[in-house]
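Structural features, examined
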Amino acid sequence: MGAERYLNHPTFGMLYRVAPAGEGRDVYATLYAQRMFFLVTLQPRGAQFEVIPFQDARHHAEINLARSRRDGQAEHQRWKELFDQTFI
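Residues numbered from 1 in each chain as written. Predicted model: local features only at pLDDT ≥ 70, side-chain atom pairs only at ≥ 80, totals over all residues. Heavy atoms only, no water.

**Notes on the confidence of the model for the protein**
Convention followed: You can read pLDDT as the predictor saying how much it trusts each residue, on a scale of 0 to 100. Think of it this way: any DSSP run of H or I at least four residues long counts as a helix, any run of E at least two long counts as a strand, and we number them from the N terminus.
On average, residues of the protein carry a pLDDT of 89, and 95% of them reach 70 or more. No element of the protein has a lower mean pLDDT than helix H2 (residues 73-87), which averages 88, and none a higher one than strand E3 (residues 25-30), which averages 95.

**Some points on the packing of aromatic side chains**
Heads up, the condition is: Stacked, tilted and edge-to-face are the three classes applied to pairs of Phe, Tyr and Trp rings, where Trp contributes its six-membered ring and a pair requires centres within 6.5 Å; stacked means planes under 30 degrees apart, edge-to-face means over 60, and tilted covers the rest. Residue exposure (1.4 Å probe, protein chains only): buried if accessible area is under 20% of the type maximum, exposed if over 50%, otherwise partly exposed.
Counted under the stated rule, the structure contains 6 aromatic pairs. Ring plane angle 65° and centroid distance 5.4 Å describe the contact between Phe54 and Phe87, whose orientation is recorded as edge-to-face. Of this pair, Phe54 sits in helix H1 (residues 54-71) while Phe87 sits in helix H2, and the two are 33 residues apart along the sequence. Phe54 sits in the partly exposed class, given a relative accessible area of 26%. Look at Phe87 and you get buried, because its relative accessible area is 5%. Taken together, a centroid distance of 5.1 Å and an interplanar angle of 40° make the contact between Phe83 and Phe87 tilted. Within this pair, Phe83 and its partner Phe87 are both found in helix H2, separated by 4 residues, close to a single helical turn. Of the two residues, Phe83 and Phe87, both sit in the buried class. Here a set of aromatic residues connected by ring pairs shows up, and it is made of Phe37, Phe54, Phe83 and Phe87.

Below is the structure:
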């Protein structure tokens, strides 16, 4: 896992990356009201934000945890801590 990633949403303020979602997309959560989740696609001229339900965000994070478990222990531990902080 690389460094923590943050984005600024025009309405909801600071978002932090919860998990990659594939196809150039990532799941982000609001930093202060942690129950709002967005599927974010970064584009050359900005970002596209799509609100997603809690369960969809958790699903993407669980898939990422399984992938990181196969790829390496150190990376998995960081993703696990972020998962626990966000969803438990």
